[in-house]
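# Tertiary structure, described
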Amino acid sequence: MAYKTLDDIDLTAKRILIRVDLNVPTEDGRITDDTRIRRILPTIEAVVEKGGHPILLSHFGRPKGQRVAEMSLNVATDTLAVLSGRAVRFSDDCIGDPAKAAIAAQQPGEIVLLENTRYHAGEENNDADFAQALAALGDIYVNDAFSAAHRAHASTEAIARLLPSVAGRNMQTELDALEKALSAPERPVVAVVGGAKVSTKLDLIGNMLAKVDAVVIGGGMANTFLAAQGKPVGKSLCEHDMLDTAREIASRAKAQGCELILPVDVVVAEAFAANAPHRTVTADACPDDMMILDAGEQTVALIEARFEGAKTIVWNGPLGAFEIVPFNRATDAAALKAAALTKAGKVLSVAGGGDTVAALNASGAGEQFSYVSTAGGAFLEWLEGKTLPGVAALQ
Ligand code: AMP
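Residues numbered from 1 in each chain as written. Predicted model: local features only at pLDDT ≥ 70, side-chain atom pairs only at ≥ 80, totals over all residues. Heavy atoms only, no water.

### Things to note about the pattern of salt bridges
Taken as a whole, this structure holds 18 salt bridges when the rule is applied. Taking the shortest distance from any N to any O, the salt bridge between Arg187 and Asp213 comes out at 2.9 Å. Of this pair, Arg187 sits in the loop between helix H6 (169-183) and strand E9 (189-193) while Asp213 sits in the loop between helix H7 (202-211) and strand E10 (214-217), and the two are 26 residues apart along the sequence. A salt bridge links Arg247 to Asp244; the shortest N-O distance between them is 2.9 Å. (Salt bridge = Lys/Arg side-chain N within 4 Å of Asp/Glu carboxyl O. Helix = DSSP H or I, 4+ residues; strand = E, 2+ residues; numbered from the N terminus.)

Okay, structure coming up:
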């Protein structure tokens, strides 16, 4: 991918508008997890070190074009100051006189934080005038919010067309990991696609079939594939209206030379509840009054064997109902295997999207993956092979 970075442009004495993701989780007006703030620090430091003046732009929540007091980005000011060790000047509007005044008063080494971009309807409409009002505040635009790059909004897309634009450090790290995992991966590549439903992952599976050597189908969606083969699934989560689609995916996989790995044994339980009575049966033997909640040990062994022969692993979605014990077992075991192979330098592993981060972190495997994306929707759209407007605008 051809895009410029902070190393390709002179920032000296320039006003640098940085689109970050400060959409932090809060409770009663307090930040409950400061990960997103920590993640923007390398870009801020690089900008200051290169003589630029960092001015931060972000959305926060969904105020839908209105000033909603509970969605003020001022909530991040103090934590940002503490974590960065820098003075933070907050502007209570992201355009116009308040923003201009804050930027005019900005001292070298200080950070200006602009109010929630979504207080203006023009943000989500990708409005040209609003983008112009943002662009008027700076000399250079830096996009460091990969997690917002799947949306064509004024602060992620239109503005990039008005100013010299480069990728920030987070954006660079994320694009680099994704490129290594799918655009130019070392083969063989094994993809794990798990989760609840086939219907929400059709585009993703379609794109995987064309790009990888094997796809492991896990979680509730595997039940739909088993039912499509005429196997009983009892009370399992299963999309009975998707059986033709599942069959079509299976035949497409065959035609494209991509191995589809389905469960050969499954853990069946009496109810969707922690420690519900359960046992392991072969994949063609789910009793009528039970439900499949996890993959069995033989399936895990099969997945582990494929991992051992792989150079790259891409992971989205759990192999079972990982939130309730003991139906986290297959997900944990396979994730720990991928983590161990990564640690041993044998594979590159990239994971992300939806519940995946929680599922991998629960076993501690996530920490050892080569890269775990917290970007959610943007990561999924990228796996689906879609062009992300915020990334395209940098190219
Ligand atoms: P997704 O959001 O599509 O990644 O799906 C994740 C959800 O799928 C989690 O909440 C899991 O509990 C759920 N899930 C995975 N396997 C099963 C299964 N066999 N039966 C019911 N739910 C499942």
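Now, onward.
### With respect to unusual backbone geometry
Here the amide bond leading from Arg187 into Pro188 is cis, since omega sits at 0°, within 30 degrees of zero. When you line up the elements, Pro188 lands in the loop between H6 and E9. Even without a glycine there, the phi angle at Asp28 is positive, about 50°. Locating Asp28 in the fold gives a position in the loop between strand E2 (26-27) and strand E3 (30-31). Residues other than glycine seldom take positive phi values, yet Lys64 does so here, at roughly 55°. Along the chain, Lys64 falls in the loop between strand E4 (53-57) and helix H2 (77-84). With relative accessibility at 61%, the residue Lys64 sits in the exposed group. (Buried < 20%, exposed > 50% of the residue type's maximum accessible area, 1.4 Å probe, protein only.)

### Section: the environment of Lys180
As for its placement among the helices and strands, Lys180 is situated in helix H6. A residue is classified by how much of its surface remains accessible, and Lys180, at 44% relative accessible area, is partly exposed. Spatially, the C-alpha atom of Lys180 lies 8.1 Å from that of Leu348, the residues being 168 residues apart in sequence. With residues up to four places along the chain from it excluded, the contact list for Lys180 reads Pro185, Glu186, Thr312 and Leu348. (Contact = heavy atoms within 4.5 Å.)

### A word on the environment of Asp244
Structurally, Asp244 is set in helix H9 (residues 243-255). Given a relative accessible area of 56%, Asp244 falls into the exposed group. Linking Asp244 and Ala228, residues 16 residues apart in sequence, is a C-alpha distance of 7.1 Å.

### Looking at the nonpolar core
Among the nonpolar cores identified, the biggest contains 76 residues, and Leu114, Phe146, Met208 and Val215 are the most heavily contacted of them. Each of two domains, domain 1 (6-169) and domain 2 (185-383), supplies a minimum of three residues to this core. When sequence neighbours within four positions are dropped, the list of residues in contact with Val215 reads Ala191, Val193, Met208, Leu209, Cys258, Glu259, Leu260 and Ile261. Among the nonpolar cores identified, the runner-up in size contains 26 residues, and Val190, Ala214, Val347 and Val372 belong to it. (Core = buried A, V, L, I, M, F, W, Y, C linked by side-chain atoms within 4.5 Å. Domains from an automatic or database assignment.)

### Description of the sheet that holds E10
Taken together, 6 strands build an open sheet; the order of strands is E11-E10-E9-E15-E16-E17 and the sheet is parallel. Among the strands making up the open sheet, the edge pair consists of strand E11 (259-261) and strand E17 (371-373). The mean angle between the axes of side-by-side strands here comes to 15°, regardless of whether they run parallel or antiparallel. Looking at chain direction, E9 and strand E15 (residues 312-316) are connected through 5 bridges and run parallel. (Pairing = 2+ DSSP bridges. Axes fitted to C-alpha atoms, helices over the stretch in contact; angles between N-to-C directions.)

### Considerations on the environment of Leu57
Within the element layout of this structure, Leu57 appears in strand E4. Among the residues examined, Leu57 registers a relative accessible area of 0% and is labelled buried. For Leu57 and His120, which are 63 residues apart along the polypeptide, the C-alpha to C-alpha distance reads 13 Å.

### Brief notes about the pairing of strand E1 (residues 15-19)
Counted residue by residue, E1 has 4 buried out of 5 residues, so it is predominantly covered. Alignment of E1 against E4, held across 5 bridges, turns out to be parallel. Within E4, the residue paired with Arg15 across the bridge is His53. Inspection of the sheet shows E1 paired to strand E7 (residues 140-143) by 4 bridges, in the parallel sense. Paired with Arg19 across the two strands is Asn143, which belongs to E7.

### Brief notes about the domain arrangement of the protein chain
Here the domain parsing of the protein chain yields domain 1 (6-169) and domain 2 (185-383). Using C-alpha coordinates to define each centre, domain 1 is positioned 37 Å away from domain 2. Domain 1 puts 5 residues into the contact, and the matching count from domain 2 is 9 residues. Overall, the association of domain 1 and domain 2 removes approximately 540 Å² of surface from exposure, summing both partners, and the carbon and sulfur fraction of that is 58%. Counting the contacts that link domain 1 with domain 2 gives 0 salt bridges. (Buried area = accessible area lost by both parts, 1.4 Å probe.)

### A closer look at the sheet that holds E1
Strand order in this open sheet of 6 strands is E5-E6-E4-E1-E7-E8, and the pairing throughout is parallel. At either margin of the open sheet sits one strand with a lone partner, and together these are strand E5 (88-91) and strand E8 (165-167). On average, adjacent strands in this sheet sit at an angle of 25° to one another, irrespective of strand direction. Strand contacts of helix H3 (residues 96-105): E1, E4, E5 and strand E6 (111-114), with the helix running at about 165° to E5, the strand carrying the most contacts.

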